[in-house]
Amino acid sequence: MPHATASLTRRAGRFLRTSLFAQVLIALVLGVLVGRLWPQAGASLQPLGDGFVRLIKAMIAPLVFCVVVAGITKAGDLKAFGRIGVKALIWFEVATSIALVVGLLAGNVFAPGAGMHIDPASLDKGAVDAKTGGGQLPSAAQFVLESLPDSAVGAFAENSLLQVLVLACLVGAALLHLGQQKVPQILPVIEQAQDVVFTIVGFLMKLAPLAVLGATAHLVGEYGLGAMSTYGKLIAVCYGVALAFLVLLGCALKAVTGLSLWKFVRYTREELLLALGTGSSETVMPRMMQKLRAAGCRDDAVGLVLPTGYSFNLDGASIYLSIGTLFIAQAIGVDLSLGQQITVVLVLMLTSKGMAGVPGSAFLALSATASALGVIPASAVALLLGVDRIMDSMRVATNLLGNCVAVFAVSRWEGALDRVTAKRVLNGELPATAQTDRPTERERAAEPATAEPARADSAQPREAAAGPGAASVTTRDT
């Protein structure tokens, strides 16, 4: 018996040392306890989370640049890259619109703000100004203009993902135009730089439990658990609608690709828990890019769709904004007509696209919506100050999963998805390591008829390409 106990203890210790999921989960629980028992000490731990986010953000711009440039040059077709971009924007617009409509429907059905009878005159508009820093959301023209870099160095220094994407597209197009005969050494250097960045991210991820501990302790210590009772109905409605939307996304993913969203959640559980703990989806972008590539998505699709989604595909934020607008109106006793609610959808469809990276962007979008309606005082937006931080987990999880589903769907739409590999990785049959030389469905379809059949929908076995350490595997699209 002592021997069995010692063996169990060793296995538990080994699991804790090797499992990032377990480490982050324990840190999350400890963060709640510290924030609850010692609020002042918990609130002072915020630098742990902020420092980790800053370190990860420093790696995002170079990683996106390397992945996109390598993806374009390997695909060898700039038109295909353009098609991926157009299809991604179509998917983003449809998904965001559905999220807004679902949020409004839920807000009307459950009426989370009904019966509060808040006097707008008693609310402090200055608190909203302090939250937003007096900023404003960019106009459509300004948003497009700011997406274009005026300095190659500045795009990386300011960590502007859209500007980095534009630079990467230009460099990739130039490499395709010049060809490997004129610039034979550039692509290997870019790929090696990409490996270096991924290695650095791996080092930084060892600090993830400390970041989650600090961020969670600060949240609970600063805001307490009282908001859970005060805004209980609003929180329940937002999280419930987010879950329902994710079910819709799962159905869409299954219909388009045949893949399971639940298996993808299990496959990326460490990244999702880290994003929830830190309240930032940017902290896991590098790891998500790596896992999506490992799960059969081509480099150019991952490099373009995922970073672009951080600006254009904010499904969780859309749900929160639509429900939040109705909550504010109901709390102050304003009954919005059908036409006014349609206005809400149209305004939020525009304002949600310029939210990424803007301090207090949710309140800016809500203020713009209130101004467009003309019946909700701007000061009423302050009603959501006490619950906004609690909504981060919902927004982060929904935004992140929505963008990952978009990568799979657009990849499948463009023929840039290896579904055989995707299913095997999500089933745990293959390791989560990217194989960038893997053929996609479209490339398999272009193989000579004499070649061994290897379509993604084929039920016949396919031998893996031989090489150092390569093993013979049987693939089946089940």
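The structure this text deals with has already been given above.
Since the model is a prediction, treat every value here as computed from it, not as a measurement.

Comments concerning the overall build of the protein
Helix and strand counts for the protein come out as 23 helices and zero strands. Here the protein holds 478 residues, and the buried ones make up 51% of them. Restricting to contacts in the protein with at least 6 residues of sequence separation, those with at least 24 account for 80%. Counting only carbon and sulfur atoms, one obtains 64% of the accessible surface of the protein, whose full area is about 21600 Å².

Here's the deal with the packing of helix 5 (residues 78-110) against helix 18 (residues 315-331)
Where helix 5 meets helix 18, the closest approach of the two axes is 8 Å, and the angle between their N-to-C directions is 30°. It follows that helix 5 is roughly parallel to helix 18 by the angle criterion. The two elements helix 5 and helix 18 cross, and the hand of that crossing is right-handed. Listed contacts from helix 18 to Ala95, Thr96, Ala99, Leu100, Gly103, Leu104, Gly107 and Asn108 of helix 5 are Asp315, Ser318, Ile319, Ser322, Ile323, Leu326 and Gln330. The residue inventory of the contact of helix 5 with helix 18, partitioned by class, reads seven nonpolar, seven polar and one charged.

Here's the deal with the nonpolar core
Formed by 123 residues in total, the largest nonpolar core has its most connected members in Val64, Leu234, Phe264, Leu306, Leu384 and Phe408. Broken down by element, the residue count for this core peaks at 13 residues, all from helix 4 (residues 46-75).

Observations concerning a nonpolar patch on the surface
A cluster of nonpolar residues, Ile26, Val29, Leu30, Leu33, Leu37 and Trp38, forms a patch on the protein surface that exposes about 590 Å² of accessible area. By the element assignment, Ile26 lies in helix 2 (residues 20-37).

Thoughts on the packing of aromatic side chains
For the structure shown, the criterion picks out three aromatic pairs. Ring centres of Phe65 and Phe156 lie 5.6 Å apart, and the angle between their planes is 70°; this geometry places the pair in the edge-to-face category. Placement of Phe65 in helix 4 and of Phe156 in helix 8 (residues 152-157) is noted, with a sequence separation of 91 residues between them. Both rings, one in Phe264 and one in Phe408, keep their centres 5.4 Å apart while their planes meet at 90°; by these two values the pair is edge-to-face. Placement of Phe264 in helix 14 (residues 261-267) and of Phe408 in helix 21 (residues 392-414) is noted, with a sequence separation of 144 residues between them. Across this residue pair, the class does not change: Phe264 and Phe408 are buried. Here the guanidinium or amino end of Arg395 rests over the ring plane of Tyr320, the centre of that ring lying 4.6 Å away.

Regarding the packing of helix 5 against helix 17 (residues 299-312)
In the contact formed by helix 5 and helix 17, the axes pass within 10 Å of each other and the chain directions differ by 35°. Like other packed secondary-structure pairs, helix 5 and helix 17 cross with a definite hand, here right-handed. Seen from helix 5, the contacting residues are Phe81, Ile84, Gly85, Ala88, Leu89, Phe92 and Thr96; seen from helix 17, they are Asp300, Ala301, Leu304, Val305, Thr308, Gly309 and Phe312. Residue composition of the contact of helix 5 with helix 17, by class: nine nonpolar, four polar and one charged.

What to know about a positive patch on the surface
A contiguous patch of positive charge, built from Lys254, Lys263, Arg266 and Arg269, is present on the exposed surface. Take Lys254: it is sitting in helix 13 (residues 232-257).

Brief notes about the pattern of salt bridges
Scanning the entire structure with this criterion turns up ten salt bridges. When the shortest N-O distance is used, the salt bridge between Lys57 and Glu282 registers 3.2 Å. With Lys57 in helix 4 and Glu282 in the loop between helix 15 (269-278) and helix 16 (285-294), the pair connects residues that are 225 residues apart, well separated along the chain. Exposure remark for Lys57: the relative accessible area of 32% places this residue in the partly exposed category. A relative accessible area of 24% places Glu282 in the partly exposed class.

Topic: unusual backbone geometry
Of note in the backbone geometry, Ala111 takes a positive phi value of approximately 45° without being a glycine. You can see Ala111 is positioned in the loop between helix 5 and helix 6 (125-132). Relative accessible area serves as the criterion here: at 18%, Ala111 is assigned to the buried category. With a phi close to 55°, Asn159 is a non-glycine residue in the positive phi region.

Considering helix 15
Since the α-helix advances by 3.6 residues per turn, residues separated by three or four positions end up pointing in the same direction. Counted residue by residue, helix 15 has eight buried out of ten residues, so it is predominantly covered. Regarding helix 15, the residues found buried are Glu270, Glu271, Leu272, Leu273, Leu274, Ala275, Gly277 and Thr278. Of the residues one or two after helix 15, Gly279 is the one with positive phi, at around 70°.

What counts, and at which threshold
Residues numbered from 1 in each chain as written. Predicted model: local features only at pLDDT ≥ 70, side-chain atom pairs only at ≥ 80, totals over all residues. Heavy atoms only, no water. Helix = DSSP H or I, 4+ residues; strand = E, 2+ residues; numbered from the N terminus. Buried < 20%, exposed > 50% of the residue type's maximum accessible area, 1.4 Å probe, protein only. Contact = heavy atoms within 4.5 Å. Areas by Shrake-Rupley, 256 points an atom, 1.4 Å probe, with all protein chains shown as cover. Axes fitted to C-alpha atoms, helices over the stretch in contact; angles between N-to-C directions. Parallel < 35°, antiparallel > 145°, perpendicular 65-115°, else oblique. Left-handed = near helix turned anticlockwise from the far one by under 90°. Nonpolar A, V, L, I, M, F, W, Y, C, P; charged D, E, K, R; others polar. Core = buried A, V, L, I, M, F, W, Y, C linked by side-chain atoms within 4.5 Å. Patch = residues over 30% accessible without salt bridge, like charges linked within 9 Å, V, L, I, M, F, W, Y side chains within 5 Å. Salt bridge = Lys/Arg side-chain N within 4 Å of Asp/Glu carboxyl O. Phe/Tyr/Trp six-rings, centres within 6.5 Å; stacked < 30°, edge-to-face > 60°. Lys NZ or Arg CZ within 6 Å of the ring centre and 35° of its normal. Lys, Arg positive; Asp, Glu negative; His and termini not counted. Charge placed at Lys NZ, Arg CZ, Asp CG, Glu CD.

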